[in-house]
Amino acid sequence: MSTKANVRVRPKEIEHEIDEKGFFVRQNNYFATPFGDGEGKLPVEAGRYRLIWAKGCHWSNRASIVRELLGLEEAISINLVGHGRHEQDLGWEFIYDENNVDPVLGVQFLSELYANADPDYPGRATVPAIVDVTTKKVVNNDYVWLTNYLENEFAAFHKPGAPELYPEHLREEIDKYNDYLFDNVNNGVYKAMFAQSIEAYNDAFEHLYAAFDAIEERLETKRFLFGDYVTDSDVRLFVTLARFDTYYFKNLGPIRNRIVDFKNIWGYARDLYEIPAFKNNTYLRDLAKSDKKKTGIFLDYNTRFWDQIDFEKLWSQPHGRQEKSSDPTQKFLTKARGISS
Ligand SMILES: N[C@@H](CCC(=O)N[C@@H](CS)C(=O)NCC(=O)O)C(=O)O
């Protein structure tokens, strides 16, 4: 085990993030300084920041998808963390790199970059984390607003013809809908999975499926959540959908429906998966892989069937969603093509 001063054992949710009634109450974002011009903001510069994310984590997957959709690969570098094996849980680690060390930041664990920013940081070292490569400090882990920063503040570095994921005329509605998705779907699955009382579980479960039913209905007439074109909200919904039948169902208990059982939602998810930035950042096989190789007859579904399921083929089936759009050959609104009504 590493003996570096900044490496520390991961604080447990069960000790710090469960209220007296057994409800999961997520820790606050600690590094929430916004990007932008002016005092008290993080300067927007190309080449200065590195996005750290994890395949399993949908909060961070949002940012990795949006970064690629907008063509910010040159402006913001990226790296993945995962779980290494140690006697104690040391949290996210640069396991995909040589010697488990990030080649740019020179550290093994994400917690070291949090400690560089604040030696007394009390929470879990989470992804997404934006690290300033000049100081090797985490400067922002505000997963709620991160994609919006990439869409707005980093606009000068977008590729030519980049999609308008957060168009001004829809911003208020998108924000409202994102809050709804957060409470009921994105954090909704976590509320159910982390609930420590059946009351808390049932509450989260009901909200989750009520939201799926409402989304199924919304997608009956719209190709994407806001009509003909992909927006920030679609990225947020997609990352939870991609994990539902592959991964979350195991900890959700008896589920009411899988994603593949919702005609519109399932077609919509595949429509999005067709887009390279979504596909390149969605590791379906890794999401579904069981981490423990157990033996015996009582094995969970993923352990038994993981290597028999062709996830790529499943998610690449035709979806027929074009017919819901008035602009069927385009999935994105771009500045060049103007604002659609
Ligand atoms: N930053 C938020 C959300 C991001 C988040 O929960 N990320 C998870 C993965 S999905 C994480 O990095 N967890 C690391 C850990 O718990 O050690 C939080 O602090 O709750």
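Residues numbered from 1 in each chain as written. Predicted model: local features only at pLDDT ≥ 70, side-chain atom pairs only at ≥ 80, totals over all residues. Heavy atoms only, no water.

**Student:** Which parts of the structure should I look at to understand the overall build of the protein chain?
**Tutor:** Across its full length, the protein chain holds 12 helices and four strands. At 20 Å, the protein chain has a C-alpha radius of gyration in line with the 20 Å of a compact globule built from 341 residues. In the protein chain, buried positions account for 54% of the 341 residues. Considering only contacts within the protein chain whose residues lie at least 6 apart along the sequence, 70% involve residues at least 24 apart. Approximately 16,600 Å² of the protein chain is accessible, and the part contributed by carbon and sulfur atoms is 50%. Averaged over its 43 positive side-chain charges, the protein chain has a centre that lies 4 Å from the centre of its 53 negative ones. (Helix = DSSP H or I, 4+ residues; strand = E, 2+ residues; numbered from the N terminus. Rg over C-alpha atoms; globule rule 2.2 N^0.38 Å. Buried < 20%, exposed > 50% of the residue type's maximum accessible area, 1.4 Å probe, protein only. Contact = heavy atoms within 4.5 Å. Areas by Shrake-Rupley, 256 points an atom, 1.4 Å probe, with all protein chains shown as cover. Lys, Arg positive; Asp, Glu negative; His and termini not counted. Charge placed at Lys NZ, Arg CZ, Asp CG, Glu CD.)

**Student:** Help me understand the domain arrangement of the protein chain in this model?
**Tutor:** For an interface, size is often stated in terms of accessible area lost upon the parts coming together. You can read the domains of the protein chain as domain 1 (13-157) and domain 2 (168-324). The C-alpha centroid of domain 2 is placed 23 Å from the C-alpha centroid of domain 1. Each partner contributes residues to the interface: domain 1 has 30 residues there, and domain 2 has 34 residues. The contact between domain 1 and domain 2 buries some 2,700 Å² in all, and 57% of this surface belongs to carbon and sulfur atoms. For the pair domain 1 and domain 2, the interface holds one salt bridge. Between Asp 286 and Lys 55 there is a salt bridge, with the nearest N and O atoms lying 2.9 Å from each other. For the pair domain 1 and domain 2, the interface holds 14 residue pairs in polar contact (both at pLDDT 80 or more). Broken down by secondary-structure element, the contributors of at least two residues to the side of domain 1 that touches domain 2 are helix 1 (13-16), helix 2 (58-69) and helix 4 (146-151). (Domains from an automatic or database assignment. Buried area = accessible area lost by both parts, 1.4 Å probe. Salt bridge = Lys/Arg side-chain N within 4 Å of Asp/Glu carboxyl O. Polar contact = N/O pair within 3.5 Å; in protein donor to acceptor, adjacent residues only side chain to side chain.)

**Student:** Would you mind showing me how to read the side chain of Glu 216 here?
**Tutor:** Structurally, the position occupied by Glu 216 is in helix 6 (residues 198-221). Buried and unpaired, Glu 216 has Lys 263 as its nearest opposite-charge partner, separated by 6.6 Å.

**Student:** In this structure, what is going on with the pairing of strand 3 (residues 129-132)? I would like to understand it.
**Tutor:** For a regular strand, side-chain orientation follows a simple rule: the groups alternate between the two sheet faces. Where burial is concerned, the two faces of strand 3 agree: the one with Ala 129 and Val 131 and the one with Ile 130 and Asp 132 are both buried. As paired elements, strand 1 (residues 49-53) and strand 3 share four bridges and run antiparallel to each other. Within strand 3, the position partnered with Arg 50 by the bridge is Val 131. (Pairing = 2+ DSSP bridges.)

**Student:** Where do I start with helix 3 (residues 110-117) in this structure?
**Tutor:** Think of an α-helix as turning once every 3.6 residues; residues three or four places apart then point the same way. Burial within helix 3 is extensive, with six of its eight residues counted as buried. For helix 3, every residue scored as buried is listed here: Leu 110, Ser 111, Glu 112, Leu 113, Tyr 114 and Ala 115.

**Student:** Help me understand the pattern of salt bridges, please; the structure alone is not making it clear to me.
**Tutor:** A pair can form between side chains of opposite charge whenever their charged atoms are brought close. Under the defined criterion, the tally for this structure stands at 13 salt bridges. Among the salt bridges present, the one from Asp 132 reaches Arg 48, with a minimum N-O distance of 2.8 Å. With Asp 132 in strand 3 and Arg 48 in the loop between helix 1 and strand 1, the pair connects residues that are 84 residues apart, well separated along the chain. Given a relative accessible area of 4%, Asp 132 falls into the buried group. Lys 331 is the salt-bridge partner of Asp 271, the closest N and O atoms lying 2.9 Å from each other. Note that Asp 271 is positioned in helix 8 (residues 263-273) and Lys 331 in the segment after helix 12 (311-315), a separation of 60 residues in sequence. The pair Asp 271 / Lys 331 is uniform in exposure class, with both members buried. In the salt-bridge network here, residues are joined through shared partners; they are Arg 223, Asp 271, Glu 274 and Lys 331.

**Student:** Is there a simple way to explain the packing of aromatic side chains in this structure?
**Tutor:** For any two aromatic rings, the description comes down to two numbers: the centre-to-centre distance and the angle of the planes. On inspection of all chains with the given rule, the structure shows 30 aromatic pairs. Three or more aromatic residues joined by ring pairs form one cluster here, namely Trp 59, Tyr 143, Phe 182, Tyr 190, Phe 194, Tyr 247 and Tyr 248. A cation sits over an aromatic face here: Lys 55 above Tyr 283, 4.6 Å from the ring centre. The ring of Trp 306 is capped by Arg 285, whose NZ or CZ atom sits 4.2 Å from the centre of that ring. (Phe/Tyr/Trp six-rings, centres within 6.5 Å; stacked < 30°, edge-to-face > 60°. Lys NZ or Arg CZ within 6 Å of the ring centre and 35° of its normal.)

**Student:** Would you take a moment to explain the pairing of strand 4 (residues 137-140) for this structure?
**Tutor:** Inspection of the sheet shows strand 3 paired to strand 4 by three bridges, in the antiparallel sense. Following the sheet pairing, Val 131 is matched in strand 4 by Val 138. Between strand 3 and the antiparallel strand that follows it, strand 4, lie four residues; Lys 136 among them carries a positive phi value of about 60 degrees.

**Student:** What should I look at first to understand helix 2 in this one?
**Tutor:** Compared with an ideal rise of 1.5 Å per residue, which puts 12 residues at 16 Å, helix 2 spans 16 Å between its outermost C-alpha atoms and is within 8% of the ideal. Most of helix 2 is tucked away, with 12 of its 12 residues classed as buried. For helix 2, the full list of buried residues reads His 58, Trp 59, Ser 60, Asn 61, Arg 62, Ala 63, Ser 64, Ile 65, Val 66, Arg 67, Glu 68 and Leu 69. Summarising the contacts, the buried residues of helix 2 are in contact with strand 1, strand 2 (76-80), helix 4, helix 5 (171-194), helix 7 (232-252) and helix 9 (276-280). Taken from the residues just after helix 2, Gly 71 is the one with a positive phi, measuring 70 degrees. (Expected span 1.5 Å × (residues − 1).)

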